[in-house]
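Examination of the molecular architecture
Chain by chain, the residues run as shown.
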Amino acid sequence: MFERDIRPARRAAKTIICSLLLVVCGASAAHAAADVEPIAAVVDRDVQVAAAQYRVLLAKVAGKPGFPRSVAHGDVRMVGPGDWTAGFFPGSLWYLFEATGDATWKTAAMRYTALTAPAKFDKTQHDLGFMLGAGYGNGLRLVDDPATRTAYRDALLAGATTLMTRFNPKVGSIQSWDLWPNTTWAFPVIIDNMMNLELLMWAARAADEPRYREVAIAHADTALKNHFRPDGSSFHLVDYDPKTGAVRARMTVQGYANGSAWARGQAWGLYGYTMMYRETHKDDYLQQAHRIARFYMNHPRLPADRIPFWDFDDPAIPAAPRDSSAAAIAASALLELASFSDRDTAARYRDFAEQTLRSLSSGAYLAQPGDNGGFLLKHATGHKPAGTEIDGPLNYADYYFLEALLRMKAARTGIGSFH
Ligand code: GLY
């Protein structure tokens, strides 16, 4: 979301290199066959569908307070600015502006971004990177007006400063959840929290204040040590003793079982360590991202269409629900990881991401305008153990799908905001 725009000269150079590679190496197997629609055409069509569908969604939620998150009981489920998903709707509007250049999306994006402002001072949760980054972060990347840029920068810096209050130096982590009554946890940290570090890495640069970066790196290092299993999969939650930093428990609250591989958790880790490598160039992070990619891509229970079941270890597979949100996050992450990989590995990651996006672009997953409550992707799973948002639309599935489409376009053409 905070990726810096590539300069025109770099863009031109990248376009030439991409063109040469295409000539020298030939097109990849996925689009070499004459009867396969070029992925660029798929992306362009998806953007048209997305624009039509989000016009429906915008009209549906006009006048309702808050942000559309999902569909419950046949109606759009709206949430307030304190919800961890609040930023994804404005974020998707920014991506639609980026994809189409249509200023209508910018107007809507600015309106909904402003509504996420209360998260700046919310000390009760760790998700401020999601809540502020998707709206303000993308907005900062895409607007030129100096007053708006200053306001967005200030909002992001305030959010980053708030997020720092949840860091415990003894543990070396940012606490994810507050302790609700009767909990057995003392200092819970979930793998999803890797995603919030992008806000801190941006803040370190924006404010020229290394402390944000130090905290982000400490958190990523601690998670690297404690969240992962030998096969590259991760536990969802690690609970720490806040006084000593010792690990008290490892579990998977949002997945099938403590020892299982919750699909979205794997996708958050893949995206998080790829992003942290981009920001730090620490090889440990790059190697972890590759390990997660191998686990995810080669999993024997990953379906042929590349859209994972919600948990790789649910014994109900193949009758278990899928999670298109995990697929979209993983596709977006792999497109970035490809840019840090040798040629063969990069080709494998891009082909996998392309196959994922082709599946998500098919009628099996992509809604027709007017269907699916106005959201783009069907078959996402939010919190199966809690019995909520199972096999339906989710605003973050749409957000990462749009991001992956933009990244795919940039990877294929060398043009775009993806560095
Ligand atoms: N961060 C919460 C989730 O992935 O559902």
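See the structure printed just above.
To start, this report covers the structure provided alongside it. In this text, all values refer to a predicted model and were calculated from it rather than measured experimentally. (Residues numbered from 1 in each chain as written. Predicted model: local features only at pLDDT ≥ 70, side-chain atom pairs only at ≥ 80, totals over all residues. Heavy atoms only, no water.)

**What to know about the sheet that holds strand E5 (residues 188–190)**
- Strand order across the open sheet formed by three strands is E5-E6-E7, with antiparallel pairing between neighbours. Every other strand in the sheet has two partners, leaving E5 and strand E7 (247–251) as the edge strands with one partner each. Looking at each pair of strands side by side, their axes are set apart by 20° on average, direction ignored.
- Alignment of E5 against strand E6 (residues 237–240), held across three bridges, turns out to be antiparallel. Bridge pairing in E6 links Ile-190 to Leu-237.
- Across the sheet, helix H9 (residues 210–226) lies against E5, E6 and E7, angled at about 105° from E6, the strand it touches most. (Pairing = 2+ DSSP bridges. Helix = DSSP H or I, 4+ residues; strand = E, 2+ residues; numbered from the N terminus. Axes fitted to C-alpha atoms, helices over the stretch in contact; angles between N-to-C directions. Contact = heavy atoms within 4.5 Å.)

**Overview of the site of the ligand**
- Around the ligand, the structure places Trp-84, Asp-192, Gln-254, Trp-262, Arg-264, Trp-268 and Tyr-396.
- Between the ligand and the protein, one listed contact pairs a nitrogen atom with a side-chain N or O atom of Asp-192 at 2.7 Å.
- One of the side-chain N or O atoms of Trp-268 is found 2.9 Å from an oxygen atom in the ligand.
- Burial of the ligand by the protein amounts to 93% of the accessible area it has alone, namely 200 Å². (Near = heavy atom within 4 Å. Polar contact = N/O pair within 3.5 Å; in protein donor to acceptor, adjacent residues only side chain to side chain. Areas by Shrake-Rupley, 256 points an atom, 1.4 Å probe, with all protein chains shown as cover.)

**Considerations on the pairing of strand E1 (residues 67–72)**
- The pairing of E1 with strand E2 (residues 75–79) spans five bridges and is antiparallel. Across the sheet, residue Phe-67 finds its bridge partner in E2, namely Val-79.
- Taken together, E1 and the strand that follows it, E2, pair antiparallel across an intervening segment of two residues, in which His-73 is found at a positive phi of about 50°.

**Description of the layout of surface pockets**
- Size it by volume and the second largest pocket reaches roughly 440 Å³.
- Looking at the second largest pocket, it is lined by 24 residues, and the ones nearest its centre are Trp-84, Asp-127, Trp-177, Gln-254 and His-383. (1 Å grid on protein atoms, 1.4 Å probe; cavity = no way out; pocket = protein on both sides within 12 Å on 5 of 7 lines; lining within 4 Å. Points joined across faces, edges and corners; volume = space filled by probe spheres on them.)

**Examining empty space enclosed by the protein**
- This model, assessed by the stated rule, comprises one cavity of 30 Å³ or more.
- Taken as a whole, the largest cavity encloses approximately 40 Å³ of empty space.
- If you go around the largest cavity, the residues you meet are Val-43, Val-47, Tyr-95, Leu-96, Ala-99, Leu-402, Leu-405 and Leu-406.
- Mapped by element, the contributors of at least two residues to the lining of the largest cavity are helix H3 (39–61), helix H4 (88–100) and helix H14 (395–413).

**Let's talk about the nonpolar core**
- Counting 127 residues, the largest nonpolar core has Leu-200, Tyr-273, Met-276 and Tyr-400 as the members making the most contacts within it.
- Filtering out sequence-adjacent residues up to four positions away, Tyr-400 remains in contact with Phe-88, Phe-130, Met-195, Trp-268, Tyr-271, Ala-328, Ile-329 and Ser-332. (Core = buried A, V, L, I, M, F, W, Y, C linked by side-chain atoms within 4.5 Å. Buried < 20%, exposed > 50% of the residue type's maximum accessible area, 1.4 Å probe, protein only.)

**Some thoughts on the packing of aromatic side chains**
- As enumerated under the stated definition, the model contains 28 aromatic pairs in all.
- Relative to Tyr-152, the ring of Trp-94 lies with its centre 6.3 Å away and its plane at 80°, an arrangement referred to as edge-to-face. With Trp-94 in helix H4 and Tyr-152 in helix H7 (residues 146–164), this pair connects stretches of sequence that are 58 residues apart.
- The class of Trp-94 is buried, set by a relative accessible area of 0%.
- Lying over the aromatic face of Phe-235, Arg-229 brings its terminal NZ or CZ to 4.1 Å of the ring centre.
- Here the guanidinium or amino end of Arg-322 rests over the ring plane of Phe-309, the centre of that ring lying 4.9 Å away. (Phe/Tyr/Trp six-rings, centres within 6.5 Å; stacked < 30°, edge-to-face > 60°. Lys NZ or Arg CZ within 6 Å of the ring centre and 35° of its normal.)

Interpretation in functional terms is not warranted from these geometric data alone.
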